[in-house]
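# Notes for the structure review
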Amino acid sequence: IGGLFHEGFASCQRGQWRGYIDRTGMFSIDPKFKFTGDFCEGLALIKTEDGYGYINKSGLIVVKPQFESASDFNEGFAAISYDNPFRGNPKCGYIDRAGRFVVPPKYKLEPLPRRFSEGLACVNIGYGCKHQPNDRYGFIDKTGRIAIEPQFEWAGDFNEGLALVNLVNKKK
């Protein structure tokens, strides 16, 4: 079972393990991972027994597998969490390509972490692992500062200068 090519590699499965093939169809990164994502900005999300981490195009681990959930890199950052997204009060933060925290895990983790788009990432300041009526979405910049105050019932990623949002219904 294989995926689409991204940055010259396609994720492919052999037996129970996943690796990457090159355009000749040969494995250039041996199948030894539980999960393999697409290459984005030169790095790919992988999963081992220890959790999610990132490899480079040589197959070398550049961010140690340690996260319970993680996203692809976009605009130089990836959303990560040490928490299970379906239990407790999971929090997510953002790392750079070297695995250093740019934004520590403090925002509510959705089932999938949100990515940076046009310099902003949508964050949720709510509590718990399920959507709650008092959850509010806003946007942070790449330094982790609030750029747009959490005020929306839901918000999407920015695209061409706009983000789809759902305003809070204040009817009584």
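Not measured: the values here are computed from a predicted model. In this numbering scheme, every chain counts its residues from 1 along its sequence in written order. With the structure being a predicted model, the display of local features is reserved for residues of pLDDT at least 70 and the display and counting of side-chain atom pairs for 80 or more, all residues being used for whole-chain, interface and lining totals. Computation of side-chain values covers all heavy atoms of the structure but excludes hydrogens and water.

Scanning the chain from N- to C-terminus turns up zero helices and 17 strands. Relative to the compact-globule value of 16 Å for 172 residues, the chain shows a C-alpha radius of gyration of 17 Å, a close match. Along the three orthogonal principal directions, the C-alpha set of the chain runs to about 60 × 35 × 30 Å. Note on classification: 1.4 Å probe, protein chains only; a residue is buried when its accessible area is under 20% of the maximum for its type, exposed when over 50%, partly exposed between these limits. Within the chain, the fraction of its 172 residues that count as buried is 45%. When checking whether two residues touch, look at their non-hydrogen atoms; a contact exists if any pair is within 4.5 Å. Within the chain, contacts between residues separated by at least 24 positions form 31% of all contacts whose residues are at least 6 apart in sequence. Under the convention used here, a 1.4 Å probe and the Shrake-Rupley method define accessible areas, while residue burial counts only the protein chains that appear. With an accessible surface of roughly 9,500 Å², the chain has 53% of that area assigned to carbon and sulfur atoms. Counting rule applied: Lys, Arg positive; Asp, Glu negative; His and chain ends not counted. By convention, charge coordinates are those of NZ in Lys, CZ in Arg, CG in Asp, or CD in Glu. A distance of 5 Å separates the average location of the 23 positive side-chain charges in the chain from that of its 20 negative side-chain charges. Secondary structure follows DSSP: runs of H or I at least 4 residues long count as helices, runs of E at least 2 residues long count as strands, and numbering of each begins at the N terminus. This radius of gyration counts C-alpha atoms alone. The globule rule is 2.2 Å times how many residues there are, raised to the power 0.38.

What follows covers the nonpolar core. Of all hydrophobic cores here, the largest spans 11 residues; its members are L43, L45, Y52, Y54, V63, F67, A70, F73, A78, I80 and I95. Only buried residues count toward a nonpolar core. Its members are Ala, Val, Leu, Ile, Met, Phe, Trp, Tyr and Cys residues joined through side-chain atoms within 4.5 Å. Counting residues in hydrophobic clusters, the runner-up holds nine residues, among them F77, V103, Y107 and I140.

What follows covers the environment of C92. Structurally, C92 can be placed in strand β11 (residues 91-95). Sequence separation of C92 and T48 is 44 residues, and the distance between their C-alpha atoms is 20 Å. If sequence neighbours within four positions are ignored, C92 has contacts with I80, S81, P104, P105, K106, Y107, K108 and L109.

Here E41, not a glycine, exhibits a phi torsion of approximately 55°, which is positive. Following the sequence through the fold, E41 ends up in the loop between β5 (35-40) and β6 (43-48). Take E41: its relative accessible area is 30%, and that puts it in the partly exposed class. We note that E75 has phi near 55°; this positive angle belongs to a residue other than glycine. Here E75 lies in the loop between β9 (69-70) and β10 (78-81). With a relative accessible area of 27%, E75 lands in the partly exposed category.

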